[in-house]
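# Results of the structural survey
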Amino acid sequence: MERRRLLFIAAIISVLVGVAAFVGSARVPPLQIIASMLSTTLAVATPLTLGALCGVWCERAGVVNIGIEGTMLTSAFFGWTAATALATFTAAPAGLCLLGGVGAAVVSAMLVGLLLSVLAVTFRVDQIIAGVVVDLFAVGVTGFLNRQMMFEHGGLFGGVAPQSAGVMPHVRIPLLADLPVVGPIFDQQPIAFAGLLLVALTHFVLFFTRFGLRVRAAGEHPRAAATVGIDVRAVRHRSVLIGSAIAGLGGAYFTLESVPSFEPLMTNGRGFIALAAMIFGNWTPLGALGAALLFGSAQALQINLQFFREAIPESLSFLQQSSIVGLLPYVLTMVVLTGVVGRTTAPAADGNPDDGRG
Amino acid sequence: MTTPTPALACTGLTKRYGALVANDAVDFELLPGEIHVLLGENGAGKSTLMNMLYGMSAPDAGEIRREGWTVTLGTPTDAIALGIGMVHQHFMLVPVFTVTENVMLGAEVTRAGGVLERRKVADELRALSARYGLEIDPDARVDTLSVGQQQRVEIVKALYRKARVLILDEPTAVLTPQEADALFGVMRDLRAEGVSIVFITHKLREVLAVADRITVMRGGRIVGATTPSETDEAGLATLMVGRDVSLRVEKRVAAPGPDVLVLENVCVEDHRGIEVVQDLSLRVRAGEILGIAGVQGNGQTELVEVVTGLRRAARGRLTLLGDDVTRATPGHLLDAGVAHVPEDRHRHALIMGWSIADNLVLGRHDRPPFARFGLRRFAAVAENARRLFAAFDIRGSGPEATCQSLSGGNQQKVVLARALSGTVRLLVANQPTRGVDVGAIEQLHREIVAARDAGAAVLLVSAELDEILGLADRIVVMYRGRVVSEVDAGAATRPALGLAMAGGVGAQGV
């Protein structure tokens, strides 16, 4: 990632962490607040990172995916439903139920991805329309099934009280997690760690392997790829499925790692902020991670301020309105998308249905 | 004497697109180690034929043989496997990839886990480029290379795939004369190595310079086969067009009047903010044609956009008939008598789905006589179309047909007819005959000269040196956004212009 953008991200995160430390200093030691901010930032950035990686996979192959929001919402629902059903009807330990939930989330996300790629790649439907279809479809399906299962006709669980599988346990990385201040960064739940691993893996596959070269060729110049015998459609289908599986993990974060419940519309625009993170990260996995951390830190500020709302000085009373601080991720999104912090370049054939056939 | 088995041959090859027969029972033979020119106008069916020989489209009938064996080419992969390589007219290179990545794409060398062996391939490329005298840097990003270098990458790409048959589709269209000569040298070296080459072109001069044998196509059929020793340019032109054509533009000596357009120290930035026209000054006088020569992409497009008001100059001053028009809008300039023939007629000149009659009034559609009180006057539009159809010999099914239905040459006649139908003080013609058949070129050139003789100033931009030499009264050469050479047409020579186009003369001195 270019220097300027990296500096911008570091600067904004430092400022937000500083604000939190300053505001809460009357009640909590600043170092403890800094530790909490850093750890929360990484945690809440997880769905953004995973969503942005989904975007990177799809758009690097030339398929614009604005259905990430819907993909994550769908997988959040099915992941939660599967985990809860396992916990209610089987004697499996909670860990296994959660693992089953993650599997269901990833599979459901891939089915949504398949819907998108069939529309966009096979039938060359306008990709914006296809993405909107996915988003609306997800809102409808999850909302409807959620209502049916929970409240109508005795629900999915046939009158049996659903058993929650809980959320993923924290995993401490030995030694690192014991460090002062930065220690909590290494004490996270599994999906957060998986996000970081997938960033590295995506970077490696995209830039160092044959498959990655072909994905990028499909997104930059599909006709050139076709003339050397590459099946652009197949490459795009695979890319969208891989990306969607990653977004499925991002969906699982909401209901299996963050909170043990599902609510309609609970992704709350995170899929779209993930798209912004992908753009600000210049369609690279590492850039996407940086941008996701930037937006994550804004959300972390909102969460941390709630802990010591009463400690906020009179002169900063506007910060007591958590809705104002809650706007921050969206405001930041708009600012970075204007391009004032360096221009980004999309893959040349991003959104272009041309696949070199006919 | 027995004829050797052709490296590549086809018999009865036929391809239809709807009612159009693009290739009608074509027989073609490429002998081993020969340079075989396939000559024909745009739309003659050359590219259709080659696409079938490269597996890009499937023939409706006929047979393809590689070294005597009948083959089926379903995809380019099949062709590549049979040692057939193609260099496309529009390069098939990924601009943001390195040379190595581009060459290996689709034929990657990997170690375990599909990890790319970039260094190994780069070393192979160095060996390959040394062997064939094709100088390339394997680690350079393609978008930093000149067009000539990119073409070398395309050739190396084919050779890397062990191509023994090389199809070059209009390879010289984007090259300077010197680059074209260098390409011919490479082609001869390849021939010496036993590579058989199909060279597709419509430039007659090149045919005679490089061909062993020549096959001419017209209207989807083979209409003749000959060799350079048996024919000359006029003979080839007649064969290609089907009738005698004049290759020379008839015109009187110019009688230049006062300055119409004056540019002083104009700088223009492109969409990336990079200065693509630098400190450019020139003047065009009434009754003369100023030709701007240069390889595409040296700032000509942006210069034309500034002159026609489509883009603002970053610095400098433009004067039209004494008025400062540096910040004038396209509409204002149109009213002031600036007529524009844009570079890309599909994107910037015509609304393809509209009728020819409507296209012929575009730009003046909202004023008398074509509209009154905000309502269109269809009688005037129709009358205008009737008049221009006759005056410009537009051949189509009538004014109400869409522009889509016209051939490229007739579309271009519509563009020129519209441009010249008002009061013209300055005609800006950018690549006015690109993709147009020889017959129509003749007529378009006559109309441009007629506009000059009627007192208009003409700014002609063309990548075709023949067009510049044939039409212009004065010639400037643009290279990297600057004027590197200015000569009277009478004193201009092809080698000197070619050298200037490559930045060889004055480029350092300016």
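Residues numbered from 1 in each chain as written. Chains lettered and ligands numbered in written order. Predicted model: local features only at pLDDT ≥ 70, side-chain atom pairs only at ≥ 80, totals over all residues. Heavy atoms only, no water.

## Description of the interface of chain A and chain B
Stated precisely, the cut-off is as follows: Throughout, a contact is declared for two residues whenever any of their heavy atoms are within 4.5 Å. Buried surface area refers to the total accessible area, computed with a probe of radius 1.4 Å, that the two partners give up upon joining, counted for both partners together. Criterion for a salt bridge: a side-chain nitrogen of Lys or Arg within 4 Å of a carboxyl oxygen of Asp or Glu. Elements are defined by DSSP. Helices are runs of H or I of four residues or more, strands are runs of E of two residues or more, and each kind is numbered from the N terminus.
Each partner contributes residues to the interface: chain A has 19 residues there, and chain B has 26 residues. Here chain A packs against chain B, burying approximately 1700 Å² in sum over the two surfaces, 65% of which is carbon and sulfur. Our count for the chain A to chain B interface comes out at two salt bridges. Taking the shortest distance from any N to any O, the salt bridge between Arg 214 of chain A and Glu 108 of chain B comes out at 2.7 Å. The element best represented in the side of chain A that touches chain B is helix α7 (residues 210-220) of chain A, accounting for six residues.

## Quick look at the environment of Pro 495 of chain B
Relative to the helices and strands, Pro 495 of chain B is located in helix α17 (residues 494-501). Sequence separation of Pro 495 of chain B and Gln 178 of chain B is 317 residues, and the distance between their C-alpha atoms is 8.0 Å.

## Some words on the sheet that holds strand β15 (residues 289-293) of chain B
Backbone hydrogen bonds are what pair the strands of a sheet, in a parallel or an antiparallel way. All names here are of chain B. Put simply, the test is: Think of it this way: DSSP has to see at least two bridges between two strands before they count as a pair. Geometry is summarised by axes, namely lines fitted to C-alpha atoms with helices restricted to the contacting stretch, and by angles between N-to-C directions that run from 0 to 180 degrees.
The sheet built from six strands is open, its strands ordered β18-β21-β22-β15-β23-β24 with mixed pairing. Strands with a single pairing partner mark the edges of an open sheet, and in this sheet they are β18 (338-341) and β24 (482-488). Strand-to-strand twist of the sheet, defined as the mean angle between neighbouring strand axes without regard to direction, takes the value 15°. Where β15 lies against strand β23 (residues 474-479), four bridges are found, and the strand directions are parallel. In the strand pairing of β23, Gly 291 is matched with Ile 475. The sheet contacts of helix α14 (residues 408-420) involve β18 and β21 (426-430), and relative to β18 the element is tilted by about 175°.

## Structural notes on the pairing of β24 of chain B
Residues and elements named next belong to chain B. Here β23 pairs with β24 via six bridges, running antiparallel. Along β24, the bridge assignment pairs Met 478 with Val 483. The loop that links β23 with its antiparallel partner β24 comprises two residues; one of these, Arg 480, has a positive phi angle of about 50°.

## Focus on the domain arrangement of chain B
All names here are of chain B. For clarity, the threshold we go by: For the domains described, the bounds stem from an automatic or database domain assignment.
Domain annotation of chain B identifies domain 1 (8-241) and domain 2 (259-501). The C-alpha-based centres of domain 1 and domain 2 are spaced at 33 Å. Taken together, the contact between domain 1 and domain 2 spans 11 residues of the former and 13 residues of the latter. Counting the surface domain 1 buries against domain 2, the share from its top three residues, Pro 177, Gln 178 and Arg 205, is 38%.

## A word on a nonpolar patch on the surface
Where we set the bar: Like charges are joined within 9 Å and nonpolar side chains (Val, Leu, Ile, Met, Phe, Trp, Tyr) within 5 Å, but only among residues with over 30% relative accessible area and no salt bridge; these make up the patches. Each accessible area is a Shrake-Rupley estimate made with a 1.4 Å probe; only the visible protein chains count as cover when residues are assessed.
Together, Leu 327, Tyr 330, Val 331, Met 334, Val 335 and Val 340 of chain A make up an exposed nonpolar region whose accessible area comes to about 530 Å². As for its placement among the helices and strands, Val 331 of chain A is situated in helix α13 (residues 328-337).

## So, the sheet that holds strand β10 (residues 196-201) of chain B
All names here are of chain B. In spatial order, the strands read β6-β9-β10-β3-β11-β12; together these six strands make up an open sheet with mixed pairing. At either margin of the open sheet sits one strand with a lone partner, and together these are β6 (84-87) and β12 (221-226). Direction aside, the axes of adjacent strands within the sheet are offset by 20° on average.

## Here's the deal with the pattern of salt bridges
All names here are of chain B. Going by this rule: For every residue, the accessible area obtained with a 1.4 Å probe (protein chains only) is divided by the maximum for its type, and the residue is called buried under 20%, exposed over 50%, and partly exposed between those limits.
This structure, assessed with the given rule, holds 40 salt bridges over all chains. A salt bridge links Arg 311 to Glu 305, with the shortest nitrogen-to-oxygen separation between them at 2.6 Å. On the accessibility criterion, Arg 311 (23% relative accessible area) is partly exposed. In this structure, Glu 486 and Arg 474 form a salt bridge, with 2.5 Å as the shortest nitrogen-oxygen distance. Of this pair, Glu 486 sits in strand β24 while Arg 474 sits in strand β23; the two residues are 12 residues apart in sequence, bridging distant segments of the chain. Judged by relative accessible area, which is 10%, Arg 474 ranks as buried. The network of salt bridges with shared partners includes Lys 251, Arg 252, Arg 452, Asp 453 and Asp 473.

## Side note on the packing of aromatic side chains
Residue and element names in this part refer to chain A. Defined as follows: A pair of aromatic rings is counted whenever rings of Phe, Tyr or Trp (Trp by its six-membered ring) have centres within 6.5 Å, and the orientation is called stacked for planes under 30 degrees apart, edge-to-face for over 60 and tilted otherwise. In our convention, an over-ring charge means Lys NZ or Arg CZ found within 6 Å of a ring centre and within 35 degrees of that ring's normal.
Scanning all chains against the criterion turns up eight aromatic pairs over all chains. An aromatic cluster is present here, built from Phe 77, Phe 78, Trp 80 and Phe 262 joined pairwise through their rings. The ring of Phe 280 carries Arg 5 above its face, with NZ or CZ at 5.6 Å from the centroid.

## As for empty space enclosed by the protein
This is how the line gets drawn: Grid points spaced at 1 Å and placed over the protein atoms alone form the basis of the search, with a cavity being a set where a 1.4 Å probe fits but cannot get out and a pocket an open set showing protein on both sides within 12 Å along at least five of seven lines. Lining residues have an atom within 4 Å of a point. Grid points are joined across faces, edges and corners, and a volume is the space filled by probe spheres set on the points. The nonpolar class holds Ala, Val, Leu, Ile, Met, Phe, Trp, Tyr, Cys and Pro. Asp, Glu, Lys and Arg form the charged class, and all remaining residues, Gly among them, are polar.
Under the counting rule described, the total for this entry stands at seven cavities of 30 Å³ or more. Lining the largest cavity are Thr 227 and Val 228 of chain A together with Tyr 54, Ile 80, Gly 85, Met 86, His 88, Met 92, Glu 154, Lys 157, Ala 158 and Arg 161 of chain B. With three residues, the single largest contributor to the lining of the largest cavity is helix α5 (residues 147-160) of chain B. Residue composition of the lining of the largest cavity, by class: six nonpolar, three polar and three charged.

## Details of the nonpolar core
What counts here: Buried Ala, Val, Leu, Ile, Met, Phe, Trp, Tyr and Cys residues form a nonpolar core when they are joined through side-chain atoms within 4.5 Å.
Formed by 154 residues in total, the largest nonpolar core has its most connected members in Leu 39, Val 99, Ile 155, Met 187, Leu 190, Ile 197 and Phe 199 of chain B. Take this core: its biggest share by element is 13 residues, from helix α2 (residues 30-60) of chain A. Once residues within four sequence positions are removed from consideration, Leu 190 of chain B is found in contact with Tyr 132, Ile 155, Leu 159, Leu 166, Val 195 and Ile 197 of chain B. By size, the runner-up hydrophobic cluster in this structure holds 54 residues, among which are Val 295, Val 361, Leu 460 and Ala 472 of chain B.

## Brief notes about the layout of surface pockets
Residue and element names in this part refer to chain B. Its volume calculated, the second largest pocket comes out at about 630 Å³. If you trace the second largest pocket, you find 26 residues lining it, with Leu 334, Val 338, His 340, Leu 362 and Gly 363 closest to the centre. Within the residue set of the lining of the second largest pocket, elements represented by two or more residues are α10 (330-335), β18, α11 (345-349) and α14. Among the elements that take part in the lining of the second largest pocket, α10 stands out by supplying five residues, more than any other. Grouping the amino acids of the lining of the second largest pocket by side-chain chemistry returns 14 nonpolar, eight polar and four charged.

## Some details on the environment of Ile 279 of chain A
All names here are of chain A. With respect to the helices and strands, Ile 279 occurs in helix α10 (residues 270-280). Taking the C-alpha atoms as reference, Ile 279 lies 25 Å from Ile 303; in sequence the two are 24 residues apart. Those residues in contact with Ile 279 that sit more than four places away from it in its chain are Arg 5, Leu 337 and Thr 344.

## Quick notes on unusual backbone geometry
Residues and elements named next belong to chain B. Cis peptide bonds are those with omega within 30 degrees of zero, and the linkage from Pro 368 to Pro 369 qualifies with 0°. The phi torsion at Lys 162 lies on the positive side, around 65°, for a residue other than glycine. One can find Lys 162 in the loop between α5 and β9 (165-169). When its relative accessible area of 63% is taken as the criterion, Lys 162 is described as exposed. For Glu 170, which is not glycine, the phi dihedral falls at a positive 45°. Considering the arrangement of structural elements, one finds Glu 170 in the loop between β9 and α6 (177-192). The buried category is assigned to Glu 170, whose relative accessible area is 8%.

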